[in-house]
Each structure stands twice: as structure tokens, then as C-alpha cells.
Amino acid sequence: MGGVEDDEPASKRMKLSSEELRRLSNGSTIKEPVAGSSRDLMARPLQSEGGEEVVGSKGVIKKVEFVRIIAKALYSLGYIKSGAHLEEESGIPLHSSVVNVFMRQILEGNWDESVVTLRNIGLTDERTVKSASFLILEQKLFELLDEEKAMDALNTLRTEIAPLGVNDSRVRELSSYIVSPSYCSPTRSPKQDTVRARSRSKLLEELQKLLPATVMVPEGRLEHLVEQALVLQRDACMFHNSLDKEMSLYSDHQCGRDQIPSQALQILQAHTDEVWFLQFSHNGKYLASSSNDQSAIIWEVYETGVSLKHKLSGHQKPLSSVSWSPDDRQLLTCGAEEVVRRWDVSSGECLHVYEKTGLGMVSCGWSPDGKWIFSGLNDKSICMWELDGKELECWKGQRTLKISDLEITGDGKQIISICRETAILLLDREAKVERFIEEDQTITSFSLSRDSRFLLINLLNQEIHLWNIEGDPKLVSKYRGHKRTRFIIRSCFGGLEQAFIASGSEDSLVYIWHRGTGELIETLPGHSGAVNCVSWNPANPHMLASASDDRTIRIWGLNNLSTKRKEPCSNGIHYCNGVY
């Protein structure tokens, strides 16, 4: 059976020891088959002394399942004797006798017998039986082709595989394998048996995925349960913000507030008027800020602190926003209804000025490939330019407002802007399709998540709304507590995996919420004026920056961080463990 003729020399049959069989079947025990045909074997319920006995303090873990999963894990880890001893001592076998016979037949290549045994396992779903039979007979076909028995392989396809009525496209593909001579090995490899054994072991893994867990415990089930428990603990942790991803099985996971940046480590004082906007670069190595003093500043970020790199001058009006190029080598600065300037980050040189006669720019942004820039104009249109200033496209009409943010999704397809006081436009520039987020209150600003799936919207009524913008936009969460009555206040995503929401506030505080629960977890005092904008370092979850009407930028870090500068700080006040 199994594609090996009875009169073939014995040397052509695979010979595997009992120990090899155990390893090839992912370590599970395979007992010797009982005498007689596998047709006489019937599935029996797994026996245990405890029956439906449970373990654990909650009474939800069935002892039989628990022991079987542990045994499976022991075999998978290579502890064959320990696994066998657990089966023997507990009286709970990992597999029934008929399943053990089935597994041995697979590994020995007894294909026809294994198909018969499969039906005796006691499966109630005929589709599962046919799908499993298909996998077995497919392996049989390939081994026949490997032995250059094309006619036998064709017969298997016609009389055994095709009648199952499973996966017709795969059946056609298998027929092409038979026709193509490239699938018929002209010579036998010296390692043929080893390769075949591995292939059969892989087949057994596929069958384990297909058959019910009550019949064959899935591979890695215990590991999956433990990982799931760790992830749930981590996600439930309100303050999880650590770059150290190690978690112990010895105790429940819990982080303290010390993982949230809440200590002002540095105060930057280079601006001479209100600081309206700031943003970290994608790689976290730079910070750019813009001010009512008509200047922008590029700051360099070190492990030990932040220092001034370039002060950018040339705008004739206050600067409303900045935008980093995808590679962080260039920076856009936008004047309040004036022009957009493109700067070289390394030299501080202005590379180009984007302007339109009679119109002022109100926002700016980059395409993800860095080849084009976008800008909102005060006539409510949005335009796209090549880097050299050539206008490529302009979307006229009610596309933006005089005071509006502008974002482009990571795939470059959608442009996002505030198009009406209570609505945000999601413009698919390729498909020319427009979607809208409608709010009941006036929208003052918004921020796009790093994965372009979520939008954070600040409203006039002192609420921040989180929207999922995949497909039809859906309101996910609301954050409350900060103060906003007169000014534009900006918020941001941040922390490890952007698990937190931070926002400025008119009461001079920085507010931090847990993104998932919406719970306010921290308020940071220190500024003496309204906090207009915040930015969380994307490369360092322990660094947060805030910009204020008090003309300063504060760099927030961990309470236990001891900061020592490589060079004297000449652009502001520097803290070491919270002390001047």
C-alpha cells in the first residue's frame, strides 16, 4: 500500500525506529498498532481518573485537557520520556489508540490504510474528513511521482483525489505536475528517505491543524495560551511604556507611573514669542518648533538632552506649522497665510519657497515618498507641487479652512484636512472619492496616527475624539479633562505602540490619557502659559515635548532619569533629576 509495490526490494521501503517516529510526529507518543485491521479500531473517549475533574482556583480548567496540553508541550520540547511518564502516571493518554495508529501510518507512508483509519477516528464533519483525505492522497501522489510512477500517480488523481470534490483548482494543478517532466526526479537522492520523512512529518503538522483539537492537540497550544495571557496582562497595564519587552511567567505584569514621562528634564528658551507648534522627526533625532516670532528652530536630540541646531529665518509672518520629510533630511515650514519654505536639515539652508500670487499658505505636508509636497491655501483649495515648485494638481472648492491641519496617509492616497467647521475631508486623490467625518462641535485641530488608521480630533467643547478612518469612519473613544476656550490646542498619539494620548491645555498643563481606556493618568504642571502643542518622540516612548505661550519648550522624561549633558546647555534651563 501507499504507492510501494509488494514486490519492491525491501531497501526501498522507509525504515524508522520508534524513537524517530516520536520525533517526526512532533514528539507525541505513537503506540504500536493493535493486531488486526485498522477498520476494527473505533474511537474511544479519552479516559482519566478524574473524568470532568477541574484544576485551578476558578474551576474552569478541565484536568484532562490540561494534562494533554502539558504532555504535548513536553514532547514538543524534546522531553520524550517525561511526556510518556506523564501519560502513564496520569492515566490520560495524549492520543487515543486509533489516532496513534493513524499517525504511524502517515509517517510510514501507508496512505490507503491511513485514509481508512481517518474515517474510524470519529469525525462528525464530512468536510474535514475529505479535506484531510485530500492532503494524505496529495502526499501519496507526490511520492509516486518522486519514484517515477507517473501512471500510478495519475490513477490516484483520477480515482481517489478528484472524486473527493475538494479544491478543484488544486486538482488541476496536480494534473499539471504529472504532465510536466520537471516534477519527475531522474535519479534518487542519497538522502531521499530523510527528505521524505521530513515531508511526512510536515503533513502530520498540517493534519493536526485541520483535525479537531479533541482528536489531536494543536502544536504549540500551551505556548499560545501562555503568550495570550502575557499579552492580555500587558494590554491591561495602564502604564505599560517600556522598551524592555521581557515579561516574566513568575509574576503578573504591572508597570508603575514611572514609565510615563512626567519630569521636566529641560526647558528650551530660544524663541522670543509664543511657541505655536512643534514636531519630532520620524527617527526621533530632531525636534522642530515654530513660533509667533516668525522663526522656526531645528533642535538636535541626544540621549543626554536637546540642543539648538539651526534657527530658521525668512518668513514675514508667524509660523503656524512644520512638517518633516519622510527621510528627515528636509523640513517644511508654513507661515500664517504666507508661504511654505523647504529647508535642508543638515545645513539650515532654505532650498525653495512655495507661493501663489495673491494667496497665502495655511498648511503643509509631504507625500510618503518625499517627491511632492502638499499645501492648503486660504482660498480653501489644496495644491500639490513637485519639489522644484512646479504645480501638479489643485483641488479647488471647500477643501480646507484658513486655520487647518493637513495630513497625508502613509500610502499617499488620502489627503486629510478640515473642510468645514464641523467636518473633516478624507480625499482619495487617486480614486477621486471623498469621505467625511462629521462632528457636532467646531473642529480646531487633528492628528493622524503613525499607521494612518486613526484620527485624533480636538473640538471646541473641550473634548478630544478618536476616530477609526478605515472604511466608514467610526468614533472609537473620547478624552476629557483639558481646558480650551480661546486658542487652538493640539494633541498627539504617543508612547510605546502609541498607547497614550497627550494634549496641551489652556490651564498651562499637559494632559496624558490611556488610549484604550480613556482614563486620565497624568497632568504635568510647569508651564506658565497655555500649552499649544505637544509631540511624543516616536523613537523614544520616554520623551515628550510641549510648546507654550510662555515662549518655552519643555522636554519631559522619566522621574528616575539622571541626565548629564555632553556640552553645556546654552539655550535654556536644564534639569538633572528634577533639580536646577
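Residues numbered from 1 in each chain as written. Predicted model: local features only at pLDDT ≥ 70, side-chain atom pairs only at ≥ 80, totals over all residues. Heavy atoms only, no water.

The name given to the protein in an unreviewed UniProt entry is CTLH domain-containing protein, with the source organism recorded as Gossypium darwinii. One UniProt comment on the protein, placed under Subcellular location (unreviewed entry), says "Cytoplasm". A UniProt comment under Subunit (unreviewed entry) is attached to the protein, and it reads "Interacts with RANBPM." (UniProt positions renumbered as here; feature names shortened; annotations may be inferred.)

Turning to the sheet that holds strand E19 (residues 433-438), a few remarks are in order. Judged by pairing direction, the sheet is antiparallel, and its four strands sit side by side in the order E16-E17-E18-E19 without closing on themselves. Unpaired on one side and paired on the other, strand E16 (406-408) and E19 mark the two borders of the sheet. Going from strand to strand, the sheet's axes swing by 25° on average, the running direction of each strand aside. In terms of strand pairing, strand E17 (residues 414-420) meets strand E18 (residues 423-428) through six bridges, oriented antiparallel. Across the sheet, residue Ile415 finds its bridge partner in E18, namely Leu427. (Pairing = 2+ DSSP bridges. Helix = DSSP H or I, 4+ residues; strand = E, 2+ residues; numbered from the N terminus. Axes fitted to C-alpha atoms, helices over the stretch in contact; angles between N-to-C directions.)

The next subject is the sheet that holds strand E9 (residues 330-335). Overall, antiparallel pairing links the four strands, which are arranged E8-E9-E10-E11 in an open sheet. A strand with exactly one partner marks an edge of an open sheet, and here the two such strands are strand E8 (319-324) and strand E11 (350-354). Strand-to-strand twist across the sheet, computed as the mean angle between neighbouring axes with direction ignored, equals 20°. As defined by bridge partners, strand E10 (residues 340-344) adjoins E11 across four bridges and the pair is classed as antiparallel.

With that settled, consider the packing of aromatic side chains. For the structure shown, the criterion picks out seven aromatic pairs. Their ring planes at 50° and their centres at 6.2 Å tell us that Tyr354 and Trp385 sit as a pair that is tilted. Of this pair, Tyr354 sits in strand E11 while Trp385 sits in strand E14 (residues 382-386), and the two are 31 residues apart along the sequence. Aromatic ring contacts, followed pair by pair, group Tyr479, Tyr511 and Trp513 into a single cluster. Positioned above the aromatic ring of Phe436 is the side chain of Arg420, whose terminal nitrogen or guanidinium carbon lies 5.7 Å from the ring centre. (Phe/Tyr/Trp six-rings, centres within 6.5 Å; stacked < 30°, edge-to-face > 60°. Lys NZ or Arg CZ within 6 Å of the ring centre and 35° of its normal.)

You can see Glu113 is positioned in helix H5 (residues 111-120). The spacing of Glu113 and Val101 is twelve residues in sequence and 9.8 Å in space, taken between C-alpha atoms.

This brings us to the packing of helix H2 (residues 63-76) against helix H3 (residues 80-90). At their nearest, the axes of H2 and H3 sit 7 Å apart, and the two run at 160° to each other. One element, H2, and the other, H3, form an angle in the roughly antiparallel class. In terms of crossing hand, the pair formed by H2 and H3 is left-handed. Counted together, Val67, Ile70, Ala71, Leu74 and Tyr75 of H2 and Ile80, Ser82, Gly83, Ala84, Leu86, Glu87 and Ser90 of H3 form the full contact between these two elements. (Parallel < 35°, antiparallel > 145°, perpendicular 65-115°, else oblique. Left-handed = near helix turned anticlockwise from the far one by under 90°. Contact = heavy atoms within 4.5 Å.)

Another point: the state of the cysteines. For the structure on display, the rule yields zero disulfides. Considering cysteine sulfurs only, Cys334 is the nearest to Cys364, which forms no disulfide, with 4.9 Å between them. (Disulfide = S-S within 2.5 Å.)

In this section: the pattern of salt bridges. Within the structure shown, the criterion is met by 24 salt bridges. Across the pair Lys140 and Asp112 runs a salt bridge whose closest N-O atoms are separated by 2.9 Å. Taken together, the residues span a long stretch of sequence, with Lys140 in helix H6 (residues 126-146) and Asp112 in helix H5 at a distance of 28 residues. The shortest N-O distance in the salt bridge between Arg480 and Glu463 comes to 2.8 Å. Taken together, the residues span a long stretch of sequence, with Arg480 in strand E23 (residues 474-480) and Glu463 in strand E22 (residues 463-468) at a distance of 17 residues. Judged by its relative accessible area of 47%, Arg480 is partly exposed. Its relative accessible area of 13% is what places Glu463 among the buried residues. Shared partners join several salt bridges into a network, and the residues in it are Asp112, Lys140 and Glu160. (Salt bridge = Lys/Arg side-chain N within 4 Å of Asp/Glu carboxyl O. Buried < 20%, exposed > 50% of the residue type's maximum accessible area, 1.4 Å probe, protein only.)

Okay, the pairing of strand E26 (residues 510-514) next. Extensive coverage of E26 is indicated by the burial of five of its five residues. Alternating residues of E26 divide into Val510, Ile512 and His514 and Tyr511 and Trp513, and every residue in both groups is buried. Count of turn residues in the strand E25 (residues 500-503)/E26 antiparallel hairpin: six residues, of which Ser508 carries a positive phi of about 75°. In textbook terms, the turn of a hairpin is the stretch between consecutive antiparallel strands, and for E26 and strand E27 (residues 520-524) this stretch comprises five residues, one of which, Gly518, has a positive phi near 80°.

With that settled, the discussion passes to the UniProt feature "repeat: WD" (unreviewed entry) in the protein. According to UniProt, the positions carrying the feature "repeat: WD" (unreviewed entry) are residues 268-301, 312-353 and 524-566. The straight-line gap between the two end C-alpha atoms of residues 268-301 is 12 Å; of that span, 0% is helix and 56% is strand.

The next point concerns the confidence of the model for the protein. Put simply, the protein has an average pLDDT of 85, and 84% of its residues get 70 or more. This model gives residues 31-50 a pLDDT under 50, and the stretch forms 37 contacts once residues within four places in sequence are excluded. Across residues 562-570, where pLDDT falls below 50, the model places 16 contacts with residues more than four positions away in sequence or in other chains. (pLDDT = per-residue confidence, 0-100.)

Along the chain, the position of His542 falls in the loop between strand E28 (531-536) and strand E29 (544-548). Among the residues examined, His542 registers a relative accessible area of 16% and is labelled buried. Within the structure, the side chain of His542 is placed 2.8 Å from the backbone oxygen of Asn241, a separation counted as a polar contact. With residues near it in sequence (within four places) discarded, His542 still touches Asn241, Ser242, Gln259, Pro261, Trp536, Trp556, Gly557 and Leu558. (Polar contact = N/O pair within 3.5 Å; in protein donor to acceptor, adjacent residues only side chain to side chain.)

To continue, consider the packing of H5 against H6. The N-to-C vectors of H5 and H6 enclose an angle of 170°; their axes lie 10 Å apart at closest approach. Between H5 and H6, the interaxial angle falls into the category roughly antiparallel. Together, Trp111, Asp112, Ser114, Val115, Leu118 and Arg119 of H5 and Glu126, Val129, Ala132, Ser133, Ile136, Leu137, Gln139, Lys140 and Glu143 of H6 make up the contact between the two elements. Taken together, the residues of the contact of H5 with H6 break down into seven nonpolar, three polar and five charged. (Nonpolar A, V, L, I, M, F, W, Y, C, P; charged D, E, K, R; others polar.)

The next subject is the side chain of His465. Checked against the element boundaries, His465 lands in strand E22. Under the relative-accessibility criterion, His465 is labelled buried at 5%. Within the local environment of His465, its side chain forms a polar contact with the side chain of Glu463, the two groups lying 2.7 Å apart. Beyond its immediate stretch of four places on either side in the chain, His465 contacts Glu439, Leu455, Leu456, Ile457, Leu459, Leu475, Ser477 and Lys478.

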